[in-house]
Amino acid sequence: MTQHTILIVGGGTGGLSVAARLRNLPDPPAVTLIEPSEFHDYQPLWTLVGAGVLDKQKTRRRQADYIPHGVKWLKTRAVAFEPEHRCVITEDGAHHTYEQLVVAVGIQLDWHKIEGLPGHIGEHGICSNYSYETVDSTRAALANFRGGNAVFTFPATPVKCAGAPQKIMYLADDVLRRAGVRERSRVIYAAAGGSIFGIPKYAKTLNAVVERRGIETSFRHNLVAVEPAARRAHFRHLDTGELKTLEFELLHVAPPQSAPDVVKQSALANADGWVEVHKHTLQHARFPDVFALGDASSLPTSRTGAAIRKQAPVLVANLLAFRAGQPLTASYDGYASCPLVTGFGKLVLAEFDYDGVAQESFPFDQSQERYSMYALKLHALPELYWNGMLRGRA
Amino acid sequence: MDDQARDAELVAVRELLARVDARLLRIEERIERAERATPLALAALVDSFDTAAGSLSERGVDLEERVQNALASLERVTRSDVTELLSHVVSIAGRAAEALAELERAPVAPLGAIGTLRALSDSGVQRTLGFALAFARHFGRALGADREARQLCETFSAARRA
């Protein structure tokens, strides 16, 4: 059994941001990080990778280069949480106890929940931007598309970056127009949600984009099965239960997602499987020495890197207050951001809080499609991420 | 120091502090004005930029592609061999400018075939011709080595033939 002061599980955006902020303190506490990955991916750019703007290698860097100085990195995987015993068990069988635990294990892609899909991404026009391994399949599917139905799905679960399924659709529409095949194709957004976007201010712009592009929408439809060779996708209507089948030449799948099994199977989870934390303090509802942020947490906001950027300083402040025996005064307001690419060179920068109120960073109307915001996403935000967020500076 | 002198000094310090205070107030007002104006100016600037970008996009100009091309060109132009070459070009352009200035001062007489032959014996004319021929030789080789330029030449040739 190994004893740790602050144990962070997960070296993604949340885990590294918190680790860096803790180690940047004048008198930093000892921090241990459990993370098995060799590489760290900047996932927000995968939309542009799928559309052929960038090579995916540009989104990946070595994890070792971003482990903050002074952090003890255990390159292994957590397989069990035992918060009753203040203990995390890793795949090598080791037991790690802690004074405080930070859970930042991200989200799990449940490809298997779509019948017939596993093993067929990259075949028969089926593609997905949702993982490093599959993102090139979108570029290939678009390059090989000669007409027919191009279908873009959105599952009936929380997802990371809820804008991603429609961003690639807008870019795909541009690709098809440039290739001269748009006239003999239908672009269909088959989404489990009830509208194009949850915040009315941005939905207004996006509905106009959908109309301008001639995109067909099919809301409340959840992808449940695929027949890859026959190129048929089956959807269930979430209200009526009716099945609907769409033939496709291209099917971009946003997979169902959930909290990682290791969380679901632990006492940390709420009824839906997420780490149950207070929505303002980020402290666990039942285990006060546990904090969580990011995609695996129960925070009722969009699961985006921008949200984590605002969560990390709150978590660190409250964790330190807890260690000092003081009240937790830092508060997270649910801020999240979604840079919605609406085509090549166009982007709507949505920013909002728990109440759906716009919390825009710039003094102009961010609901307009703008090249400046597209350039920000492509050129500035990656630098802010690698050199700001992951270093605990932004 | 007697009381009178101390009082005078205190009055002077008080006046100085009053002047500093007034100046600080003016600076504070300016900062507040700037705080109010900066977001508006930024908004106006970005709105103008995005409007222009939108117009270009409607005309089929891919601004992002242009930016990438410009960056690639900048990368080429700032290569050390290219900057060295540019330095030579500027130097030669300077000499050419000097020659043009000379022409302004001396009248240019019409020149026939015999005069042209006679001019060939002038060392200055010989140096210029030598430079022009050497440049043509090197430039031709460079064009031959550059696939893109060769294709461009072939395109021009084809166009002329047509």
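Being a predicted model, the structure only gives us computed values, none of them experimental.

Before going further, it helps to examine the overall build of chain A. Check the secondary structure of chain A and you find 8 helices and 21 strands. Over its C-alpha atoms chain A spans a radius of gyration of 21 Å, differing by no more than 12% from the 21 Å that the globule rule assigns to 394 residues. Viewed in the frame of its principal axes, chain A has a C-alpha envelope of about 65 × 45 × 40 Å. Burial analysis of chain A (394 residues in total) assigns 57% to the buried set. The long-range share in chain A, meaning contacts at least 24 apart out of those at least 6 apart in sequence, stands at 64%. For chain A, the exposed area adds up to about 15,500 Å²; of that, 49% sits on carbon and sulfur atoms. Taken together, the 42 basic and 39 acidic charged side chains of chain A have centroids lying 5 Å from each other.

With that settled, consider the interface of chain B and chain A. With 14 residues of chain B in contact, the opposing surface of chain A contributes 10 residues. With both sides pooled, the region where chain B packs onto chain A buries about 980 Å², and carbon together with sulfur makes up 60% of that total. The shortest N-O distance in the salt bridge between A:Arg178 and B:Asp62 comes to 3.1 Å. For the pair chain B and chain A, the interface holds 7 residue pairs in polar contact (both at pLDDT 80 or more). Only helix 1 (3–58) and helix 2 (63–77) of chain B provide two or more residues apiece to the side of chain B that touches chain A. For the side of chain B that touches chain A, the leading source of residues is helix 1 of chain B, giving 9 residues. Residues belonging to the side of chain B that touches chain A are distributed by class as follows: 8 nonpolar, 2 polar and 4 charged.

All names here are of chain A. As far as domains go, chain A holds domain 1 (2–107 + 259–332) and domain 2 (110–257). In this structure, domain 1 and domain 2 have C-alpha centres spaced 31 Å apart. Domain 1 puts 20 residues into the contact, and the matching count from domain 2 is 20 residues. When domain 1 packs against domain 2, the two sides together hide about 1,700 Å² of surface, and 58% of this comes from carbon and sulfur. Looking only at domain 1, the three residues that lose the most surface to domain 2 are Trp46, Thr47 and Lys56, adding up to 34% of its buried area. Counting across the interface, domain 1 meets domain 2 through 2 salt bridges. The partner of Lys56 in a salt bridge is Asp136, with the nearest N and O atoms 3.7 Å apart.

The subject of this paragraph is a negative patch on the surface. A grouping of B:Glu28, B:Glu29, B:Glu32 and B:Glu35 is seen on the molecular surface, where their side chains present a negatively charged patch. Examined against the element boundaries, B:Glu28 turns out to sit in helix 1.

Reading the values: the criteria
Residues numbered from 1 in each chain as written. Chains lettered and ligands numbered in written order. Predicted model: local features only at pLDDT ≥ 70, side-chain atom pairs only at ≥ 80, totals over all residues. Heavy atoms only, no water. Helix = DSSP H or I, 4+ residues; strand = E, 2+ residues; numbered from the N terminus. Rg over C-alpha atoms; globule rule 2.2 N^0.38 Å. Buried < 20%, exposed > 50% of the residue type's maximum accessible area, 1.4 Å probe, protein only. Contact = heavy atoms within 4.5 Å. Areas by Shrake-Rupley, 256 points an atom, 1.4 Å probe, with all protein chains shown as cover. Lys, Arg positive; Asp, Glu negative; His and termini not counted. Charge placed at Lys NZ, Arg CZ, Asp CG, Glu CD. Buried area = accessible area lost by both parts, 1.4 Å probe. Salt bridge = Lys/Arg side-chain N within 4 Å of Asp/Glu carboxyl O. Polar contact = N/O pair within 3.5 Å; in protein donor to acceptor, adjacent residues only side chain to side chain. Nonpolar A, V, L, I, M, F, W, Y, C, P; charged D, E, K, R; others polar. Domains from an automatic or database assignment. Patch = residues over 30% accessible without salt bridge, like charges linked within 9 Å, V, L, I, M, F, W, Y side chains within 5 Å.

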